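Next come the chains, spelled out residue by residue.
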Amino acid sequence: MNVLIIGSGAREHTLATLVKESPLSKRVIVAPGNPGMKDVAEVVALREQKELLAFAKREKVDLVIIGPEQPLVEGLADVFRSAGLPVFGPGREGAKLEGSKAFSKVFMEEFSIPTAHAEMATTLDEARAIANNWEGLPVLKADGLAAGKGVFLPETPEETEATLMDLFVHHHLGAAANCLLFEERLIGPEISFFMLRNEKGYTYLGSARDHKRAYDGDMGPNTGGMGTISPAEELSSKEEEQLKEIMESTHRGLLSRKIDFRGVLFIGAMRTEKGLKVLEYNVRFGDPETQSLLPRIKEDILELLKKTAEGEELPPAVSYTYPAGVCVCIASDGYPVRGAVPQKVTLQTPDEGVRLFHAGTSETNGELVASGGRVFSLVAFGDDVVQARARVYKNIDSVHFEGMWYRKDI
Ligand code: AMP
Ligand code: GLY
């Protein structure tokens, strides 16, 4: 098979590596990719929908895998599907589960999926009225995609009012905050669940835990994720039952709404005293959750993604080569607050079984350069998280560039 993967981060590098390792793959192409992927894939500098479609037709691509949420929300999967190409990733309608928090909240309520109570406002007056009657502190969420900047946790009524002013008067998030959700504030550890899904059914892939704050001890600003463990800790038998119900109701809800969702559902949940509650759906693999979860899976990943995309029957479960995985993200100086000066990178081969995935790298005069952000994901596996963690940190010096930093407590 010729496989085209859309995206440029460490998540897509992981996908490209696993697709390349599958006996089913012939050519693996990533657009726009990054230079670190060249070992496993052809990297083509294409971004526009029309260019990508023309390329896929010309190069006889058999399967398209779309990594990030933005192109899914913009309907890239529909563009390929209308041309008869199988795609892993939902169309515009299914992508609303991530692209619109109001849409996903209504969906969860309609199909009795446990979630935080919410109310919605579309004007400053409506928002103030909700704020005045709200018991306790709310969570404020902009409806649309906001690159991880759309959730606010005000600590006082004054902070709530300041956020309302920012969104409705100063339009800090533009149209993404045309609708604002007030949500009940929940307490508990977060956990991410992944399920492949098409019309015929779904397969549970496993769980992971992200570490979103920049610094050790969960301090500092929010980031896209500084590292993950997979699996997260064990669930109680009651929670396992709840997870099954959440997956089943989500699948049934999509059937009932006639949404042809072929892809992965990333269920962001919280373990509260009252059981699991869904905070959000994402309609793509997590980054960096993918790096610690997918390589653990024993089954052929390409075959699973192909079956999902082509609407075939999915297996009831997966098995694991490695019981556990740990991913540590290595970031540039200044992340997540400001951009970095590009720095030359030196790499050494890590121990066998330890994988290095690239995200923020580029090439200057034939040299590998860290261009900023979360530059690498280093991942190790083992019998449990403790062993995988020890392996990943033992290998952290296989990467070196000026200003690099990482969390030491993933
Ligand atoms: P998101 O950008 O949607 O991933 O949300 C950012 C963070 O806000 C989440 O990782 C949670 O820590 C927090 N959060 C979101 N919804 C709630 C909620 N209902 N109660 C408490 N914390 C929340
Ligand atoms: N790591 C969080 C996400 O992919 O949304």
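A short tour of the structure in this document, coming up. Just so you know, these numbers come straight off a predicted model, no measurement behind them. (Residues numbered from 1 in each chain as written. Chains lettered and ligands numbered in written order. Predicted model: local features only at pLDDT ≥ 70, side-chain atom pairs only at ≥ 80, totals over all residues. Heavy atoms only, no water.)

1. What about the overall build of the protein chain?
Here is step 1 of the chain: Within the protein chain, the secondary structure is distributed over 12 helices and 24 strands.
Here is step 2 of the chain: Against the 2.2 N^0.38 benchmark of 22 Å for 410 residues, the protein chain shows a C-alpha radius of gyration of 21 Å, consistent with a compact globule.
Here is step 3 of the chain: Seen through its C-alpha atoms, the protein chain measures out along the principal axes to roughly 60 × 45 × 45 Å.
Here is step 4 of the chain: Out of the 410 residues in the protein chain, the part that is buried amounts to 56%.
Here is step 5 of the chain: Across the protein chain, the fraction of contacts at a sequence separation of at least 24, relative to all contacts at a separation of at least 6, is 68%.
Here is step 6 of the chain: Placing the 47 positive and 60 negative side-chain charges of the protein chain at their respective mean positions leaves the two points 4 Å apart. (Helix = DSSP H or I, 4+ residues; strand = E, 2+ residues; numbered from the N terminus. Rg over C-alpha atoms; globule rule 2.2 N^0.38 Å. Buried < 20%, exposed > 50% of the residue type's maximum accessible area, 1.4 Å probe, protein only. Contact = heavy atoms within 4.5 Å. Lys, Arg positive; Asp, Glu negative; His and termini not counted. Charge placed at Lys NZ, Arg CZ, Asp CG, Glu CD.)

2. Comments concerning empty space enclosed by the protein
One simple way to see leftover space: roll a probe sized like a water molecule over the atoms.
Here is step 1 of the chain: Overall, the coordinates contain 1 cavity of 30 Å³ or more when judged by the stated rule.
Here is step 2 of the chain: The computed volume of the largest cavity comes to approximately 70 Å³.
Here is step 3 of the chain: As for the largest cavity, its lining consists of L97, E98, K101, S104, K105, M108, K141, L181, E183, L279, E280 and Y281.
Here is step 4 of the chain: At the level of secondary structure, the elements contributing two or more residues to the lining of the largest cavity comprise α5 (92-99), α6 (101-110), β9 (180-184) and β16 (275-282).
Here is step 5 of the chain: Counting residues per element, the lining of the largest cavity draws most heavily on α6, which supplies 4 residues.
Here is step 6 of the chain: Its residues assigned to classes, the lining of the largest cavity comprises 5 nonpolar, 1 polar and 6 charged. (1 Å grid on protein atoms, 1.4 Å probe; cavity = no way out; pocket = protein on both sides within 12 Å on 5 of 7 lines; lining within 4 Å. Points joined across faces, edges and corners; volume = space filled by probe spheres on them. Nonpolar A, V, L, I, M, F, W, Y, C, P; charged D, E, K, R; others polar.)

3. Observations concerning the sheet that holds strand β5 (residues 87-88)
Here is step 1 of the chain: If you trace the 5 strands from one edge of the open sheet to the other, you get β3-β2-β1-β4-β5, paired in parallel fashion. In the strand order of this sheet, the two ends are held by β3 (42-43) and β5, each with one partner.
Here is step 2 of the chain: Here strand β1 (residues 2-7) runs beside strand β4 (residues 63-66); their pairing, made up of 4 bridges, is parallel. Its bridge partner being in β4, L4 is matched across the sheet by V64. (Pairing = 2+ DSSP bridges.)

4. Concerning the packing of helix α7 (residues 124-133) against helix α8 (residues 157-169)
For any two helices packed against each other, one specifies the crossing angle of their axes together with the interaxial distance.
Here is step 1 of the chain: With their axes 10 Å apart at the nearest point, α7 and α8 run at an angle of 165° to one another. On the basis of the axis angle, α7 is roughly antiparallel to α8. Considering how the two elements wind past one another, α7 and α8 form a crossing that is right-handed. Of the residues in α8, those touching α7 at L124, A127, R128 and A131 are T160, E161, L164, M165, F168 and V169.
Here is step 2 of the chain: Its residues assigned to classes, the contact of α7 with α8 shows 7 nonpolar, 1 polar and 2 charged. (Axes fitted to C-alpha atoms, helices over the stretch in contact; angles between N-to-C directions. Parallel < 35°, antiparallel > 145°, perpendicular 65-115°, else oblique. Left-handed = near helix turned anticlockwise from the far one by under 90°.)

5. Concerning the packing of aromatic side chains
Here is step 1 of the chain: All told, the structure shown has 10 aromatic pairs when counted by the stated rule.
Here is step 2 of the chain: Ring plane angle 50° and centroid distance 6.4 Å describe the contact between F193 and Y204, whose orientation is recorded as tilted. Residue F193 is found in strand β10 (residues 190-198), and its partner Y204 is found in strand β11 (residues 201-210); the two are separated by 11 residues along the sequence.
Here is step 3 of the chain: Consider the rings of Y215 and W405, whose centres lie 5.6 Å apart with planes at 50°: the pair is tilted. Residue Y215 is located in strand β12 (residues 213-215), and its partner W405 is located in the segment after β24 (399-400); the two are separated by 190 residues in the primary sequence.
Here is step 4 of the chain: Taking relative accessible area as the criterion, W405 reaches 18% and is therefore assigned buried.
Here is step 5 of the chain: Among the aromatic residues, those joined into a ring-pair cluster are F107, F111 and Y281.
Here is step 6 of the chain: The side chain of R296 reaches across the aromatic face of Y320, ending 4.2 Å from its centre.
Here is step 7 of the chain: The lysine or arginine in question, K408, covers the ring of Y406, its NZ or CZ lying 4.8 Å from the ring centre. (Phe/Tyr/Trp six-rings, centres within 6.5 Å; stacked < 30°, edge-to-face > 60°. Lys NZ or Arg CZ within 6 Å of the ring centre and 35° of its normal.)

6. Re helix α11 (residues 301-309)
Here is step 1 of the chain: The set of residues buried in α11 consists of I301, L302, L304, L305, T308 and A309. One side of α11 carries all its buried residues, which in axial view fall inside an arc of 160°.
Here is step 2 of the chain: With a side-chain oxygen positioned 2.9 Å from the backbone nitrogen of L302, the residue opening α11 is D300. (Arc of directions from axis to C-beta. Polar contact = N/O pair within 3.5 Å; in protein donor to acceptor, adjacent residues only side chain to side chain.)

7. A look at the site of ligand 1
Here is step 1 of the chain: Taken together, 13 residues form the shell around ligand 1, and within it K141, E183, L186, E190 and E280 come nearest.
Here is step 2 of the chain: Bound to the protein, ligand 1 loses 86% of the 480 Å² it would expose on its own.
Here is step 3 of the chain: Of all the elements in the fold, those that place two or more residues in the shell around ligand 1 are β7 (138-142), β9 and β16.
Here is step 4 of the chain: Across the shell around ligand 1, the residue classes break down as 6 nonpolar, no polar and 7 charged. (Near = heavy atom within 4 Å. Areas by Shrake-Rupley, 256 points an atom, 1.4 Å probe, with all protein chains shown as cover.)

8. Remarks on the layout of surface pockets
Here is step 1 of the chain: In this structure, the second largest pocket occupies an estimated 400 Å³ of space.
Here is step 2 of the chain: Around the second largest pocket, the lining is made up of 18 residues, and of these H13, G36, D39, L356 and H358 lie nearest the centre.
Here is step 3 of the chain: Of all elements in the fold, only α1 (10-21) and β20 (355-358) reach the threshold of two or more residues within the lining of the second largest pocket.
Here is step 4 of the chain: The element that contributes the greatest number of residues to the lining of the second largest pocket is β20, accounting for 4 residues.
Here is step 5 of the chain: In the lining of the second largest pocket, the residues fall into 8 nonpolar, 6 polar and 4 charged.

9. Comments concerning the nonpolar core
Here is step 1 of the chain: Counting residues in hydrophobic clusters, the biggest one holds 44 residues, and the most contacted among them are L4 and F80.
Here is step 2 of the chain: Leaving out residues up to four positions away in the same chain, L4 has contacts with I29, A31, L52, F55, A56, V61, L63, V64, I65 and F80.
Here is step 3 of the chain: Counting 32 residues, the second largest nonpolar core, distinct from the first, contains F88, L205, I301 and L314. (Core = buried A, V, L, I, M, F, W, Y, C linked by side-chain atoms within 4.5 Å.)

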